[in-house]
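Residues per chain are reported as follows:
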Amino acid sequence: MNNYIIHRIVCISFISLLFFSCKHGEGEYHGVTDKIKAESENYHGVSLSSEAYLEGIETIEITEGGHTFLIPERKRHIKSYACTECHSKPLSQLQSKDGKKAHWDIKLHHANENTMNCATCHDGNDMDNLKSLTGNSIDFNNSYNLCNQCHTKQFEDWKGGAHGKRIGGWAPPRASMTCVNCHNPHKPHFEKRWPARFNTQKIKERE
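What you see is a predicted model; the values in this text were computed from it and never measured.

1. Quick notes on the overall build of the protein chain
The helix and strand inventory of the protein chain stands at 8 helices and 4 strands. Listing each helix as α and each strand as β along the protein chain from the N terminus yields α-α-β-β-α-α-β-β-α-α-α-α. Relative to its full complement of 207 residues, the protein chain shows a buried share of 20%. The long-range fraction of contacts in the protein chain, counting pairs at least 24 apart against all pairs at least 6 apart in sequence, stands at 46%. For the protein chain, the accessible surface area stands at approximately 16,500 Å², while carbon and sulfur atoms represent 54% of it.

2. Details of the nonpolar core
One finds C83, C121, M127, L130, I138, F140 and L146 forming the largest nonpolar core, which totals 7 residues. Those residues in contact with L130 that lie beyond four places of it in its chain are C121, H122, N136, S137, I138, D139, F140, S143 and L146. Judged by nonpolar contacts, the second largest core, of 6 residues, contains I62, F69, Y144 and W158.

3. Considering the side chain of R174
Mapped onto the elements of the fold, R174 is located in the loop between α6 (152-160) and α7 (179-182). Among buried Asp, Glu, Lys and Arg side chains, R174 stands out as unpaired, with D157 the closest opposite charge at 10 Å. Within the structure, the side chain of R174 is placed 3.0 Å from the side chain of S176, a separation counted as a polar contact. With near-sequence residues (within four places) excluded, R174 lies in contact with H67, F69, L70, W158, K159, G160, G161 and R166.

4. Remarks on the packing of aromatic side chains
Within this structure, the stated rule accounts for 5 aromatic pairs. Seen from their ring centres, F69 and W158 are 5.2 Å apart, and the 80 degrees between their planes marks the pair as edge-to-face. Of this pair, F69 sits in strand β2 (residues 67-72) while W158 is found in helix α6, placing the two residues 89 residues apart along the sequence. Each member of the pair F69 and W158 is classed as buried. Among the aromatic residues, those joined into a ring-pair cluster are F69, Y144, F155 and W158. In this structure, R174 packs its charged tip against the face of F69, placed 3.7 Å from the ring centre.

5. Section: the pairing of strand β1 (residues 59-64)
Bridging between β1 and β2 involves 6 bridges; their strand directions are antiparallel. Considered in β2, the bridge of T63 is made with T68. Remark: 2 residues form the turn of the hairpin made by β1 and β2, two consecutive strands paired antiparallel; G65 in that turn has positive phi of roughly 60 degrees.

6. Considerations on α6
Within α6 the residues assigned to the buried category are F155, W158 and K159. Seen along its axis, α6 keeps its buried residues to an arc of 100 degrees; they face one direction. At its buried positions, α6 is contacted by β1, β2 and α5 (144-147).

7. Concerning a nonpolar patch on the surface
A surface patch of nonpolar side chains, about 350 Å² in accessible area, is lined by Y43, V46 and L48. Its location among the elements puts Y43 in the loop between α2 (32-39) and β1. In this structure Y43 comes out as exposed when scored by relative accessible area, which is 54%.

8. A word on the side chain of D128
Following the sequence through the fold, D128 ends up in the loop between α4 (118-121) and β3 (130-131). K75 is the oppositely charged side chain nearest to the buried, salt-bridge-free D128, at an N-O distance of 8.4 Å. Here C83 takes part through its backbone nitrogen, which lies 2.8 Å from a polar atom of the side chain of D128. Polar contacts involving the side chain of D128 include one to the side chain of T84, which spans 2.6 Å. Once residues lying within four places of it in the same chain are set aside, the contact partners of D128 are Y81, A82, C83, T84 and F140.

Quick notes on the rules
- Residues numbered from 1 in each chain as written.
- Predicted model: local features only at pLDDT ≥ 70, side-chain atom pairs only at ≥ 80, totals over all residues.
- Heavy atoms only, no water.
- Helix = DSSP H or I, 4+ residues; strand = E, 2+ residues; numbered from the N terminus.
- Buried < 20%, exposed > 50% of the residue type's maximum accessible area, 1.4 Å probe, protein only.
- Contact = heavy atoms within 4.5 Å.
- Areas by Shrake-Rupley, 256 points an atom, 1.4 Å probe, with all protein chains shown as cover.
- Core = buried A, V, L, I, M, F, W, Y, C linked by side-chain atoms within 4.5 Å.
- Lys, Arg positive; Asp, Glu negative; His and termini not counted.
- Salt bridge = Lys/Arg side-chain N within 4 Å of Asp/Glu carboxyl O.
- Polar contact = N/O pair within 3.5 Å; in protein donor to acceptor, adjacent residues only side chain to side chain.
- Phe/Tyr/Trp six-rings, centres within 6.5 Å; stacked < 30°, edge-to-face > 60°.
- Lys NZ or Arg CZ within 6 Å of the ring centre and 35° of its normal.
- Pairing = 2+ DSSP bridges.
- Arc of directions from axis to C-beta.
- Patch = residues over 30% accessible without salt bridge, like charges linked within 9 Å, V, L, I, M, F, W, Y side chains within 5 Å.

Pasting the structure below:
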């Protein structure tokens, strides 16, 4: 038997192995991907829904990076909105000589003063909207687009559902909190605190 015949026998055997051994038996597959594809052919979703948990919550639909989901409407819940109710003129014309600030109760603890100040996010000429680092207008309802300029990794995770809190549960329709629903934009870090339930004996021991 010459080498040509041996080579053909080996090739035919290999091809046969590929075609006839992908599925050894009922429910047996070569890999996880093959199993998912085969067993999801007749999948038509689930009957569970989070809609009952969204009653009374006004939401808006957004699409980011191929993901479409709901987020809470924000502007009507901002105490001082609309800003132009007070900011009837450009900020430069409203500033007084003594330099007093109207928003005296807001302290910015987000980045150092060389990196960020009020005007980094707020537009002095269009106070009812936020602005990007390049000067583009950003609606208050879409303030996550302001955050994602720096917090890109967290934004990618949020779009896919790995970062942030869901409203209602994991069943569709997906409704997710935005950055500002959990973080104070002027002071985004979380303060240290005890969990809601903790071991009181440990507290006594630490005293």
